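Spelled out, the chains give:
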Amino acid sequence: MKIIKLKSENKISLNEFLQKELPLKAGYKQISNSKIRRLIISHCVSVNGKEIIRPGFILFENSTVTVKIDEEKLLYEKQPDDIKFEVTEKSVLFENDDLIFIDKPPFFPVEQTIVNNRDNLHDAVVRYLWKKNPELRNKPYVGIMHRLDRETSGVILFTKNRNVNKEISQMFQKHDFIKKYAAVVEDNYLLKPGKKFTVEKYMGRITSKSQKGRWGELPEEKGGVYSKTDFEVMQKMEIEGRKCLLIECTLFTGRTHQIRVHLSEAGYPVLGDELYGGSPAKRLYLHSKELTSEKFSVKSTEMW
């Protein structure tokens, strides 16, 4: 592990600064922008002693930038098995001047990742809106308000107007949205249709930052944050030749991997969720089925 310290001389974004200065200091001919982004979002960069994970973070004169480099991981490029997807009128669940709700497919990331030139839903929405409005000189604005895991499908909201970002962000923070998901778990004969249960716990990251991220129960005094999910067993069903149960999940909070962690730690891991103890399957059987507020209710009917 290399530890490299740099000093900024003027106002500049963090990713631009590192792309310019880091190769010289680290002894590389050049480092691609995607690798710089990888370093930043992987919690490997701090500014004046504070960890920064935003590539666009602005540095000022005399900022001290510390970079931790694991050369083996820095030089590795994961090859994703994403699907090809374009947003069409069929995949738009609702749209007005300010908002657009998309029915996201599985195996498609929501936003750009550390893999260079990887297609994603945000870019696909931009392409869709630009195609609808070809007279625009600049690409249309699309704001990301929340996220779904790459393998999770269903309703996701983007903004089309920066002026509504604060309002929508506050609605998520205050839990003014009702967020319902559908999950499939293998039938273990302990749960029956109609059964309801709630999981409440403090949770946080339980693996080191260098490993594939796992989250789980974590005491509040160790940094855990409160989480709550209501569950209801809806029906028996068969998926990939296996007896399963369809469970409706209502989120009261929106923590990373919340439903996956809650079901796994209750003894009912989501089918296909090998990270949390689920059996291997063709996909992660988790679907965002409904996003509702006082102003609108958007539902997805297709699941799997």
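Residues numbered from 1 in each chain as written. Predicted model: local features only at pLDDT ≥ 70, side-chain atom pairs only at ≥ 80, totals over all residues. Heavy atoms only, no water.

Trainee: Mind laying out the pattern of salt bridges, listing which residues take part and the relevant values?
Mentor: Evaluation of the coordinates by the stated rule reveals 17 salt bridges. With a closest N to O distance of 3.0 Å, Asp 119 and Arg 127 form a salt bridge. Since its relative accessible area comes to 28%, Asp 119 is described here as partly exposed. When the shortest N-O distance is used, the salt bridge between Arg 260 and Asp 149 registers 2.8 Å. (Salt bridge = Lys/Arg side-chain N within 4 Å of Asp/Glu carboxyl O. Buried < 20%, exposed > 50% of the residue type's maximum accessible area, 1.4 Å probe, protein only.)

Trainee: Would you mind going over the confidence of the model for the protein chain in detail, with residue names and values included?
Mentor: With 94% of its residues at a pLDDT of 70 or more, the protein chain has an overall mean of 90. Ranking the helices and strands of the protein chain by mean pLDDT puts strand 8 (residues 99-104) first, with 98, and helix 3 (residues 71-74) last, with 60. (pLDDT = per-residue confidence, 0-100. Helix = DSSP H or I, 4+ residues; strand = E, 2+ residues; numbered from the N terminus.)

Trainee: I'd like a rundown of the pairing of strand 10 (residues 153-159), residues and numbers included.
Mentor: In the case of a regular strand, side chains alternate between the two sheet surfaces. Most of strand 10 sits inside the fold, with 7 of its 7 residues counted as buried. Relative to strand 10, strand 8 runs antiparallel, the two being bridged by 6 bridges. Note that in strand 10 the partner of Ile 100 across the bridge is Phe 158. Looking at chain direction, strand 10 and strand 16 (residues 286-292) are connected through 2 bridges and run parallel. When the bridges of strand 16 are listed, Ser 153 appears paired with His 287. (Pairing = 2+ DSSP bridges.)

Trainee: Which residues make up the packing of aromatic side chains, and what values do they have?
Mentor: Here a ring pair, both rings aromatic, is described through the centre-centre distance and the interplanar angle of the planes. Enumeration according to the criterion identifies 9 aromatic pairs in this entry. Here the aromatic rings of Phe 197 and Phe 231 are separated by 5.0 Å at their centres, their planes lie at 25°, and the arrangement is stacked. Here Phe 231 lies in strand 14 (residues 225-239) and Phe 197 lies in strand 12 (residues 196-205), a separation of 34 residues in the sequence. In terms of burial, Phe 197 and Phe 231 fall into one category: buried. Ring centres 5.5 Å apart and planes at 70° place the aromatic pair Tyr 285 and Trp 304 in the edge-to-face group. On the criterion of sequence distance, the pair formed by Tyr 285 in the loop between helix 6 (258-265) and strand 16 and Trp 304 in the segment after strand 17 (297-299) is long-range, its members being 19 residues apart. Counting every residue linked through ring pairs, the aromatic cluster contains Phe 94, Phe 101, Phe 172, Phe 177 and Phe 296. In this arrangement the basic side chain of Lys 228 is found over the ring face of Phe 252, its NZ or CZ atom lying 4.5 Å from the centre. Across from the ring centre of Tyr 285, 5.6 Å away, lies the NZ or CZ of Arg 283, which sits over that ring. (Phe/Tyr/Trp six-rings, centres within 6.5 Å; stacked < 30°, edge-to-face > 60°. Lys NZ or Arg CZ within 6 Å of the ring centre and 35° of its normal.)

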